Amino acid sequence: MAKDSLSITDNRTGKAYEIPIAEGTIKATDLRQIKADEADFGLMTYDPAFMNTAATRSAITYIDGDAGILRYRGYPIEQLADRASFLEVAYLLNVGELPNRDQLAKWTHDITFHTYVHTNIIKLLEGFRYDAHPMGMLLGVVGALSTFYPDAKHIDDAKNRYMQRVRLLAKVPTIAAFIFRHSRGLPYEFPRNDLDYIGNYVNMMFSIGGRHEPNRVLQRALEILLILHADHEQNCSTSAVRSVGSSHVDPFSAVSAGIAALYGPLHGGANEAVLEMLDEIGDKKHIPEFITKVKAGEGRLMGFGHRVYKSYDPRARLIKKTADEVFQQTGLNPKLEIALELERIALEDDYFIKRKLYPNVDFYSGLIYQAMGYPTDYFTVLFAVGRLPGWLAQWEEMLNDKDQKISRPRQIYTGAEVRDFVPIEKR
Ligand code: CMC
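Caption draft 1: Region of the structure containing the packing of helix 14 (residues 335–348) against helix 16 (residues 361–372). Running from N to C, helix 14 and helix 16 cross one another at 175°; their axes reach a closest spacing of 11 Å. The orientation of helix 14 with respect to helix 16, classified from their angle, is roughly antiparallel. On helix 16, the residues touching K335, L336, A339, L340, L342 and E343 of helix 14 are F363, Y364, L367 and Q370. Tallied by class, residues from the contact of helix 14 with helix 16 come to 7 nonpolar, 1 polar and 2 charged.

This is the structure we're talking about:
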């Protein structure tokens, strides 16, 4: 009869073991009973980059990478992008259910009335050079929030955690907008509580002399992009938030670690790298030459490939649709032509087909951001504003999970055997 267990024979000792299987996994610590002899530490698994290790159980986001499915709390991303607001999605991720009218009103009120930041944040920003990378500023300033809210260290108190999550969701767009203004040498535009979340964020970035004519199509497009980025289960930055948060540090410090991880070009920084790549290609006629270089291992086709998706990233499909609406407002981004041709050629090329490399979320998002008026080095900040609800939901889930402890991987030591210290004159 079929049994939910794994039979293992250790050929070093001839001993047999039966390891339970639950939810398609075995517990790595169950392997520790398998020892070559009494002194042996016990068997471990070697899994750099967590290619095949579930580090948590999670009820937040479901991805089927082969089928191209993404759901937040069970709701298909396509429906949320079509019908939900960003704050509704943030509530859904953090609380577990879509809010009713009263719940949404309270959530929106709580976040709206925490959008101001301490004026010392402005002094902090002024310490950065005019050309400081926006992501470097964002991770520094969000980390510094922990010094403004020392009460955030009480991570065992659920009410306190709610307050810090509200503070982060409220203040990160303000900080992100101030960073935008700092880079341009523009005076800071303060939050306006009469505007909605996206309207206020856009106003703080683009208002000149207190005036800004909102473009609802572009604001909704930005909202959709933020929704598409809101969570993506155990990705690099979320794992960073969980791992750093597992030390029980305050959430501002943990989120700042997530921002640092997102900054990298293999993660959120890819949207910026895509635009640099399109600039480098410059013209459709140079695409074949560029693809040849990529296939020879000289650089990557940025915005292509994903650790989990082995088919078209569902977010990229939705972004392509949003791009059409944006370009109707802004006029066509001339680089779109190169991107479309690059995609067409890559999807017909054996190298990409064999490795199941398809456009990911970052392939088209940069083109939209650029058309909306954001500079290239600001794209990843928009990704961070979008991913924030996911980081916070995952942080909260991690702290409530009785299975979790401080994150601490094992290693296989490959260094020197014990040896005696050599005085400097004898080296
Ligand atoms: N261009 C060319 N070749 C690629 C690419 C690419 N973009 N991505 C993967 N490959 C090749 C890679 O060289 C390897 O080939 P081989 O088997 O011959 O050595 C094979 O495909 C498998 O690649 P991998 O590096 O083992 O795959 P991974 O799961 O470790 O990496 C990835 C995933 C996203 C880091 C990678 O696909 C990549 O570097 N893509 C470009 C950067 C990018 O667009 N990142 C954004 C990801 S989506 C948003 C986010 O999560 O932040």
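Caption draft 2: Local environment of the pattern of salt bridges. Taken as a whole, this structure holds 18 salt bridges when the rule is applied. Here R167 makes a salt bridge to D151, at a shortest N to O gap of 3.4 Å. With R167 in helix 6 (residues 158–184) and D151 in the loop between helix 5 (134–148) and helix 6, this residue pair connects regions lying 16 residues apart in the sequence. For R167, a relative accessible area of 13% gives the class buried. For D151, a relative accessible area of 29% translates into the label partly exposed. Two residues, D313 and R315, come together in a salt bridge whose shortest N-O distance is 2.8 Å. It is possible to trace a salt-bridge network through shared partners that takes in R161, R165 and E396.

Caption draft 3: Summary view of empty space enclosed by the protein. Counted by the stated rule, this structure contains 2 cavities of 30 Å³ or more. Considering only enclosed or pocket space, the largest cavity measures out at about 90 Å³ in volume. Around the largest cavity sit L87, I111, T112, T115, P173, R192, N193, L195, D196, Y197, N200 and Y201, which together line it. Counting residues per element, the ones that place at least two in the lining of the largest cavity are helix 3 (101–112) and helix 7 (197–206). Class assignment for the residues of the lining of the largest cavity results in 6 nonpolar, 4 polar and 2 charged. Taken together, G305, H306, Y309, S311, D313, K356, L357, Y358, P359 and N360 form the lining of the second largest cavity. Considering only residue class, the lining of the second largest cavity consists of 4 nonpolar, 4 polar and 2 charged.

What counts, and where the lines are drawn
- Residues numbered from 1 in each chain as written.
- Predicted model: local features only at pLDDT ≥ 70, side-chain atom pairs only at ≥ 80, totals over all residues.
- Heavy atoms only, no water.
- Axes fitted to C-alpha atoms, helices over the stretch in contact; angles between N-to-C directions.
- Helix = DSSP H or I, 4+ residues; strand = E, 2+ residues; numbered from the N terminus.
- Parallel < 35°, antiparallel > 145°, perpendicular 65-115°, else oblique.
- Contact = heavy atoms within 4.5 Å.
- Nonpolar A, V, L, I, M, F, W, Y, C, P; charged D, E, K, R; others polar.
- Salt bridge = Lys/Arg side-chain N within 4 Å of Asp/Glu carboxyl O.
- Buried < 20%, exposed > 50% of the residue type's maximum accessible area, 1.4 Å probe, protein only.
- 1 Å grid on protein atoms, 1.4 Å probe; cavity = no way out; pocket = protein on both sides within 12 Å on 5 of 7 lines; lining within 4 Å.
- Points joined across faces, edges and corners; volume = space filled by probe spheres on them.

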